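Residues per chain are reported as follows:
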Amino acid sequence: MERVWRSPTLRNLFYLYAVQAANYLFPLITLPYLARVLGPEGFGKLALAQALLQYLYLVLEYGFQFTATREVARRRGNRTELGTIVAGVLHARVLLLPLLVPLGVGLGWAIPLLRGDTPLVLGALLGAIGQGFNPLWFFQGLERMGRVALLELVVRGGTTLGVFLLVRSPQDVAVPIYLQAVSYWLSALWGLSWIRKEVDWPGLMGGFVWLRKGFAFSLYNLATLLYTSLNVTLASLFVPPAQVGQYAGAERLVRPLVNLWSPITRLFFPRLSFAFAQRRPEARRWLLQAFLLTLGTGGLVGGLLFFLAPLLVPWFLGPGFEEAVPMVRVLSLFLVLNALSSFVGAQLLLPMGLDRPFLVTFLSAGVLNVVLALGVLPRFGVMALPWVSVVVELWISLGTLGAWLALKRGGRP
């Protein structure tokens, strides 16, 4: 066991899974409780507020999970250059902050079920700011995730306990999102204090340079929004709140499962970025390991979810969510396709610096999702949305695979 723990790959993979456990398993623990206490309508409103939080967070995130992480991985060991990267990314996010308040208010008004519900909109805004300044990307680039994993586990555990203690009735619908915001702020402040000890800090500077660097990947974030969390909002425009809750419950049970292979991506992305930049021979071996881990996990989880959906939905969501069972089964196919597109996009195209085909595929997928969702919702209702997700994820898988095959014909790895 001690020999296995000495492996940097396995040790960092363990830490990354600990972070994902904090971000998924703790919310999964509260899912049955919230679904029962809030009911389908209240649960739907909370899901919309949390979707709004993600919309606003993506403004601050600006694609730095890829651009900044890649730069940290390539310059590890140089405190001065690392300090310049941190200063630039933080400055860029400060420059983006003035956009959040009007954007949050405007989106809160545009979503019918959130209109006039100031506490939920304000909680989403505070949560987005806290999450936006979390420096997880820095430690991921250095492949040093130990303390961060422990911090995430402790903070998310406290949030989970707070849900059980403070949410007692449908009137407490805003409490979970404020607890979520507090957890993000604590993680961000502690993480930033650790960074100060790791780099030569030049102060806030270079933000405009990083805004230019990250612009293309901010479009990736927009595309991600268009084909993920936007679907709950689109559903709220056409179906009653209880139906929104049915779909939100199915999504809440399935979509976070993509985080099961996210640690694999986070482990190999900086490593492969470094290997391709240095033309290291280990790149092919690492690619094979990433492929087997990602596709194996995706296939296993998708298959189990399909067969266990009739048991999982009543267990986690409770009575009144029966329509979520077929939605979960359809979305199990989405999981398998997502594992494939995640490997090809984030572990092949991006580490090789091939941003353009990656971005084009995801942007087109975002547009396709909106067009299909607006086309099927008025006619077929919320039951059609899971099939839209499957079609869009198939589009992404075929697009990223096509780009990779074109590179293979050109003699690239």
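Residues numbered from 1 in each chain as written. Predicted model: local features only at pLDDT ≥ 70, side-chain atom pairs only at ≥ 80, totals over all residues. Heavy atoms only, no water.

Novice: Looking at this model, I keep getting lost on the pattern of salt bridges. Mind explaining?
Specialist: Pairs may arise between side chains of opposite charge once their charged atoms sit close together. Counted according to the given criterion, the structure contains 3 salt bridges. A salt bridge links Lys45 to Asp117, with the nearest nitrogen and oxygen atoms 3.0 Å apart. In this pair, Lys45 is assigned in helix α2 (residues 8–61) and Asp117 in the loop between α4 (79–110) and α5 (118–132), connecting sequence segments 72 residues apart. A salt bridge links Arg79 to Asp200; its shortest N-O distance comes to 3.2 Å. Residue Arg79 is located in helix α4, and its partner Asp200 is located in the loop between α8 (175–195) and α9 (207–227); the two are separated by 121 residues in the primary sequence. Residue class for Arg79 comes out partly exposed when judged on its relative accessible area of 37%. (Salt bridge = Lys/Arg side-chain N within 4 Å of Asp/Glu carboxyl O. Helix = DSSP H or I, 4+ residues; strand = E, 2+ residues; numbered from the N terminus. Buried < 20%, exposed > 50% of the residue type's maximum accessible area, 1.4 Å probe, protein only.)

Novice: Honestly, the packing of aromatic side chains in this entry has me stumped. Any pointers?
Specialist: Aromatic rings considered in pairs are described by the distance between their centres and by the relative angle of their planes. Inspection of the entire model under this criterion finds 8 aromatic pairs. Look at Tyr33 and Phe164: their rings are 5.1 Å apart centre to centre, the planes differ by 55°, and that puts the pair in the tilted class. In this pair, Tyr33 sits in helix α2 while Phe164 sits in helix α7 (residues 146–166), placing the two residues 131 residues apart along the sequence. Taking the relative accessible area as the measure of exposure, Phe164 reaches 30% and is therefore partly exposed. (Phe/Tyr/Trp six-rings, centres within 6.5 Å; stacked < 30°, edge-to-face > 60°.)

Novice: Would you mind showing me how to read the packing of α7 against α8 here?
Specialist: In a pair of packed helices, the angle between the axes and the distance between the axes together describe the arrangement. For the pair α7 and α8, the least separation of the axes is 9 Å and the interaxial angle reads 160°. Looking at the two axes, α7 sits roughly antiparallel to α8. Our pair here, α7 against α8, has a crossing hand that is right-handed. Across from Arg147, Val148, Leu151, Glu152, Val155, Arg156, Thr159, Gly162, Val163 and Leu166 in α7, the residues of α8 making contact are Val175, Leu179, Gln180, Ser183, Tyr184, Leu186, Ser187, Trp190, Gly191 and Trp194. Residue classes in the contact of α7 with α8 are distributed as 11 nonpolar, 6 polar and 3 charged. (Axes fitted to C-alpha atoms, helices over the stretch in contact; angles between N-to-C directions. Parallel < 35°, antiparallel > 145°, perpendicular 65-115°, else oblique. Left-handed = near helix turned anticlockwise from the far one by under 90°. Contact = heavy atoms within 4.5 Å. Nonpolar A, V, L, I, M, F, W, Y, C, P; charged D, E, K, R; others polar.)

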